[in-house]
Amino acid sequence: MRTENHCQGIHSIEECLSCYNYGNGDKSMVEMLVKAAGECGETMLTADIIAFVMEGEVRFTVNDNDVRSVQLSGGQMVFMSLGSVLRYETLRQSIVLIMRLNGFAFQLCQDFELERLQGYTAKLNSEMRKTIHILEANDSVRHLAKGLARNYNNGLRCREYFRNEILNFFIMLRAYYSGEELGRFLSSLLSVDVLFSKYVRTNWMLHRSVGSLAAAMKMTPQQFTRKFHRVFGQAPYEWMQHERARMVYAEICETNKPLKEIVAQYGFPARANFNRFCKRFFGMNPGSIRKKKHKG
């Protein structure tokens, strides 16, 4: 009887592969990475992520205006924000669980909004704010992560399952860690206004101008610019241009997309505009960037 149930379970998972909730690769909310010692890589984060090192030892370097590095071993995790350029180096053979948080309304539980953690981050000095803060997993959090990893490896890749497990993961964080620990862990997310920051970071690509983004948030351009500068520390147009540049650079270097497809995807009126943009931010045209990256 147990053998029959086991087979039925495998059959059910195979049927899931045709379901729209099934996800894989960089579109999946959860991904398991197995890396040999000495492997290196670089990617642009298209979602906020939690990286949980299950086994081994990994060095992460994040460039999000500041360049910061952190070294993790088994049972440790870090939070990293979308739009950052992430580089990794495995110091020993490693297994890393990635949880992508795109589309989540950040909330540790129904009764605890993230804004409540801002009091703890306000106490951090400027150097501490630049630090990537490590969170040590306790036994309960390790158990949840191991179950998630086991089901992923068994072929269960359902987005609804992932969503529920990530929500459970947040509840675990709220239950077992202090506000100070969580404030440090999520310090790169927390800002003067969490909801404002989250909306901008998630939706700015949908808008071609500062005025359009301001209107979407029901603010005048002047109100939006003042609040943006208070939250992000720079002018919105400048921030949007640099975010666009980082994403374009990742598309050129890390994908095989035809350049004309990148031109259309990022809203450049013509290839000439795209070339000027690349020369301004990277010092060379997109074709040269791609050739140099591949040679390197």
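Structure's up top.
A quick note: this is a predicted structure, and the numbers were derived from the prediction, not measured. (Residues numbered from 1 in each chain as written. Predicted model: local features only at pLDDT ≥ 70, side-chain atom pairs only at ≥ 80, totals over all residues. Heavy atoms only, no water.)

S.K.: Summarise the overall build of the protein; cite the residues concerned and give the values.
M.R.: If you tally the helices and strands in the protein, you get 13 helices and nine strands. By residue count, 44% of the 296 residues in the protein fall in the buried class. Sequence separation of 24 or more characterises 74% of the internal contacts of the protein that already satisfy a separation of 6 or more. Surface summary for the protein: the accessible area is close to 15,700 Å², and the carbon and sulfur share equals 50%. (Helix = DSSP H or I, 4+ residues; strand = E, 2+ residues; numbered from the N terminus. Buried < 20%, exposed > 50% of the residue type's maximum accessible area, 1.4 Å probe, protein only. Contact = heavy atoms within 4.5 Å. Areas by Shrake-Rupley, 256 points an atom, 1.4 Å probe, with all protein chains shown as cover.)

S.K.: Just give me the short version of the side chain of R100, but keep the residues and values in it.
M.R.: By secondary structure assignment, the location of R100 is in strand 6 (residues 85–100). Only 2.7 Å separates the side chain of R100 from the side chain of E31, close enough to count as a polar contact. (Polar contact = N/O pair within 3.5 Å; in protein donor to acceptor, adjacent residues only side chain to side chain.)

S.K.: So what's going on with the pattern of salt bridges? Which residues, and what values?
M.R.: Per the stated rule, a full pass over the model turns up nine salt bridges. Ionic pairing is found between E42 and R87, a salt bridge with its closest N-O pair at 2.8 Å. Highlighted residues: E42 in strand 2 (residues 40–44) and R87 in strand 6, separated in sequence by 45 residues. On the accessibility criterion, E42 (27% relative accessible area) is partly exposed. For R59, the salt bridge goes to E89, with nearest N and O atoms at 2.9 Å. Pair noted here: R59 is in strand 3 (residues 49–63) and E89 is in strand 6, with a separation of 30 residues, a long-range link. (Salt bridge = Lys/Arg side-chain N within 4 Å of Asp/Glu carboxyl O.)

S.K.: I'd like to hear about the state of the cysteines, residue by residue, with values.
M.R.: Evaluated as defined, the whole model comprises zero disulfides. Among the cysteines around C253, which has no disulfide bond, C278 carries the closest sulfur, lying 9.5 Å off. Given a relative accessible area of 9%, C253 falls into the buried group. (Disulfide = S-S within 2.5 Å.)

S.K.: Account for the packing of helix 10 (residues 236–254) against helix 12 (residues 271–282), naming residues and giving values.
M.R.: Across the interface, helix 10 lies against helix 12 with an axial gap of 11 Å and an inter-helix angle of 105°. Of the possible angle classes, the one that applies to helix 10 and helix 12 is roughly perpendicular. Taking contact as the criterion, the partners of Q241, H242, R244, A245, V248, Y249 and I252 in helix 10 are, on helix 12, F274, F277, C278, R280, F281 and F282. Residue classes in the contact of helix 10 with helix 12 are distributed as nine nonpolar, two polar and two charged. (Axes fitted to C-alpha atoms, helices over the stretch in contact; angles between N-to-C directions. Parallel < 35°, antiparallel > 145°, perpendicular 65-115°, else oblique. Nonpolar A, V, L, I, M, F, W, Y, C, P; charged D, E, K, R; others polar.)

S.K.: Give me the lowdown on the packing of aromatic side chains, citing residues and values where you can.
M.R.: The geometry of two aromatic rings is summed up by the distance between their centres and the angle between their planes. On inspection of all chains with the given rule, the structure shows 12 aromatic pairs. Ring geometry for F196 against F228: centres 6.5 Å apart, planes inclined by 75°, an arrangement best described as edge-to-face. With F196 in helix 7 (residues 194–203) and F228 in helix 9 (residues 221–232), this residue pair connects regions lying 32 residues apart in the sequence. With relative accessibility at 3%, the residue F196 sits in the buried group. Residue classification places F228 among the buried residues on the basis of a relative accessible area of 0%. (Phe/Tyr/Trp six-rings, centres within 6.5 Å; stacked < 30°, edge-to-face > 60°.)

S.K.: Tell me what's going on with the environment of F169, and back it up with residues and numbers.
M.R.: Along the chain, F169 falls in helix 5 (residues 159–176). In this structure F169 comes out as buried when scored by relative accessible area, which is 1%. Residues F169 and S140, 29 residues apart in the sequence, show an inter-C-alpha distance of 9.7 Å. For F169, the residues in contact, after removing those within four places along its chain, are I50, M77, M99, V141 and L144.

S.K.: Can you explain the environment of A245? Please cite residues and give values.
M.R.: With respect to the secondary-structure elements, A245 resides in helix 10. Take A245: its relative accessible area is 4%, and that puts it in the buried class. Residues in contact with A245, not counting those within four places in the same chain, are F277, F281 and F282.

S.K.: For helix 5, give the residues involved together with the corresponding values.
M.R.: The end-to-end C-alpha distance of helix 5 is 26 Å, a good match for the 26 Å that 18 residues give at a rise of 1.5 Å each. Three or more residues of helix 5 are buried, namely Y161, F162, E165, I166, F169, F170 and L173. (Expected span 1.5 Å × (residues − 1).)

S.K.: For the packing of helix 4 (residues 139–153) against helix 5, give the residues involved together with the corresponding values.
M.R.: Two numbers describe a pair of packed helices, the interaxial angle and the distance between the axes. At their nearest, the axes of helix 4 and helix 5 sit 10 Å apart, and the two run at 170° to each other. Considered as vectors, helix 4 and helix 5 are oriented roughly antiparallel to each other. In this structure, helix 4 uses S140, V141, L144, G147, L148, N151 and Y152 to contact helix 5, whose residues at the interface are Y161, F162, E165, N168, F169, M172 and Y176. The class makeup of the residues in the contact of helix 4 with helix 5 is nine nonpolar, four polar and one charged.

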